[in-house]
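Structural overview for review
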Amino acid sequence: MFLEYAPIFVGSACNNNCLDCPFHGTERSFRPFEEIKKDIDAVKAKNIVISGGEPTIHPDFFKIIDYANSKGFKRIKLRTNARMFAYKEFLWKAIHKGVEMFDVRLLSNKEKTHNFLSQADSFRQTMRGLENLKEIPNAKTNPKAPLPLLEFKAAVQVTMPIFKENSSQALSVANFATRFMPTYLLFDFGKASFDFTKNLGFLFQALDKSTDNGFWAMSAGIPVCLLGGFEEQASELYEKTPAGCFLEKCGVCAFKPHCTGIRQGHSEYLKKHIAPLKPEGKASRLLDMMDGFE
Ligand code: SF4
Ligand code: SF4
């Protein structure tokens, strides 16, 4: 059973201008509330994720949350850079109105790198936002729970998108995160535009360290056959993810029916590295684990 979030897009305007943003270099604007309402009305899924742009600076942000809340969704997730949550009252209002899951984008634990990748003087505000989010009751987690967000009322996911410039910092981010103790930490390789296979060692150290540090960490955008020993920490096993492509080698992989494949632009780097799983061993262990979610 996957967690599924229907996306609600509020427009492209943002107070950052990240280098990997799909709207980087474009003229940005917000969508009117009436249009967003219609999208919310059309949702069939139990959960929604509100994203942009930066939803917290939409002039009707609280109206959007109120409206979504009135529809009785199981969970409202907010994808955000958390800069507005540097203002505690603003954060508490968002929680009070029904945001239950905060997905915060953190680009580095180093101010210079974070500001460079976000193309804005954003690090200190994001940090203050994360510190304030730490105060959410029950945001801490049991590192042994495979999907801790299912167990808590309000939760904080910190997502670190991986670039060439920050890929060696995953371990430092895993240590740095002890300051604000997220519910979980996600290292997202989905849009990485370089051959990251040489950097997987940093990821594995970071996944390991996160558990030692008391929170769960996962990867995104890396096929399970490359996660030597950390397969159970692939976010794709838990949350519904758009399918990528499959390569010839995948044809003989026992995990293929459940794999979300290879993300756009990664097949050139990964074709040498992917290793089809045999029916016994890893594949059967993962399938047993996935059956256990039902
Ligand atoms: S915070 Fe998100 S929406 Fe804003 S510029 Fe960065 S990637 Fe784009
Ligand atoms: S070999 Fe292909 S199908 Fe199998 S896990 Fe790797 S990417 Fe997925």
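As a starting point, this report considers the structure included with it. Remember, it's a predicted structure, so these values are computed and weren't measured experimentally.

1. Observations concerning the overall build of the protein chain
A count of helices and strands for the protein chain gives 9 helices and 7 strands. Its C-alpha radius of gyration of 19 Å places the protein chain within 12% of the 19 Å reference for a compact globule of 294 residues. Overall size of the protein chain, expressed as C-alpha extent along the three principal axes, is 50 × 40 × 40 Å. Looking at the protein chain as a whole, 41% of its 294 residues qualify as buried. Long-range pairs, those at least 24 residues apart, make up 73% of the contacts in the protein chain between residues at least 6 apart in sequence.

2. Quick word on the site of ligand 1
Around ligand 1, the surrounding shell consists of Cys 14, Asn 16, Asn 17, Cys 18, Cys 21, Phe 23, Gly 52, Gly 53, Glu 54, Asn 81, Arg 105 and Ser 118. When the residues that make up the shell around ligand 1 are grouped by side-chain class, the tally is 4 nonpolar, 6 polar and 2 charged.

3. Description of the site of ligand 2
Around ligand 2, a shell composed of 15 residues is seen, among which Pro 223, Cys 225, Cys 250, Cys 253 and Cys 259 lie nearest. Taken together, the residues that form the shell around ligand 2 break down as 12 nonpolar, 1 polar and 2 charged.

4. Concerning unusual backbone geometry
A cis amide bond links Gly 52 to the next residue, Gly 53, at an omega of 20°. Unusually for a residue other than glycine, Ala 82 sits at a positive phi of about 65°. Its place among the elements puts Ala 82 in the loop between β3 (75-80) and α3 (88-97). A tally of 28 C-beta atoms within 10 Å means that Ala 82 is categorised as buried. In this model, Gln 119 sits at a positive phi of 55°, which is unusual for a non-glycine residue. Of note, Gln 119 is situated in the loop between α4 (111-118) and α5 (123-133). When the 13 C-beta atoms within 10 Å are taken as the criterion, Gln 119 is described as partly exposed.

5. Observations concerning the packing of helix α1 (residues 33-41) against helix α2 (residues 61-70)
Where α1 meets α2, the axes come as close as 10 Å, and the angle between the chain directions of the two elements is 25°. Taken together, the axis directions place α1 and α2 in an arrangement best described as roughly parallel. Regarding α1 and α2, the two cross each other, and that crossing is right-handed. Only Lys 63, Ile 64, Tyr 67 and Ala 68 of α2 make contact with α1, whose side of the interface consists of Phe 33, Ile 36, Lys 37 and Ile 40.

6. Looking at the nonpolar core
Ile 50, Phe 187, Ala 206 and Ala 217 are the most contacted members of the largest nonpolar core, which totals 71 residues. Discounting residues that sit within four places of it in the chain, Ile 50 has contacts with Ile 8, Val 10, Pro 55, Ile 64, Ala 68, Ile 76, Leu 78 and Arg 79.

7. Regarding the sheet that holds strand β7 (residues 216-220)
Read across the sheet, 7 strands follow the order β1-β2-β3-β4-β5-β6-β7 without closing on themselves; strand pairing throughout is parallel. Each end of this open sheet is capped by a strand with a single partner; those strands are β1 (5-9) and β7. Averaged over all adjacent pairs, the angle separating strand axes in this sheet is 20°, with direction ignored. Taken together, the 5 bridges between β1 and strand β2 (residues 47-51) define a ladder with parallel strand orientation. By the bridge assignment, Pro 7 is partnered in β2 with Val 49. Sheet strands touched by helix α7 (residues 200-213): β6 (184-188) and β7. Its angle to β7, the strand with the most contacts, is close to 155°.

8. Notes on the environment of Arg 75
Note that Arg 75 resides in strand β3. Separated by 25 residues in sequence, Arg 75 and Glu 100 have C-alpha atoms that sit 6.1 Å apart. Each residue touching Arg 75, except ones within four places of it in the same chain, is listed here: Asn 47, Glu 100 and Met 101.

9. Notes on the pairing of strand β5 (residues 155-161)
With respect to burial, β5 is a largely interior element, 7 of its 7 residues being buried. Across the two faces of β5 the burial is the same, with Ala 155, Gln 157, Thr 159 and Pro 161 and Val 156, Val 158 and Met 160 all buried. Pairing between strand β4 (residues 101-105) and β5: 5 bridges, direction parallel. Bridge pairing in β5 links Met 101 to Ala 155. For β5 and β6, the ladder comprises 5 bridges, and the chain directions are parallel. What sits directly across from Met 160, in β6, is Phe 187. As for the winding sense of the linkage, the β-α-β connection from β5 through helix α6 (residues 170-176) to β6 is right-handed.

Rules used throughout
- Residues numbered from 1 in each chain as written.
- Chains lettered and ligands numbered in written order.
- Predicted model: local features only at pLDDT ≥ 70, side-chain atom pairs only at ≥ 80, totals over all residues.
- Helix = DSSP H or I, 4+ residues; strand = E, 2+ residues; numbered from the N terminus.
- Rg over C-alpha atoms; globule rule 2.2 N^0.38 Å.
- Buried ≥ 20, exposed ≤ 12 C-beta atoms within 10 Å, placed from the backbone.
- Contact = placed C-beta atoms within 7 Å.
- Near = placed C-beta within 6 Å.
- Nonpolar A, V, L, I, M, F, W, Y, C, P; charged D, E, K, R; others polar.
- Axes fitted to C-alpha atoms, helices over the stretch in contact; angles between N-to-C directions.
- Parallel < 35°, antiparallel > 145°, perpendicular 65-115°, else oblique.
- Left-handed = near helix turned anticlockwise from the far one by under 90°.
- Core = buried A, V, L, I, M, F, W, Y, C linked by C-beta atoms within 7 Å.
- Pairing = 2+ DSSP bridges.
- Right-handed = clockwise from strand over helix to strand, strands pointing away.

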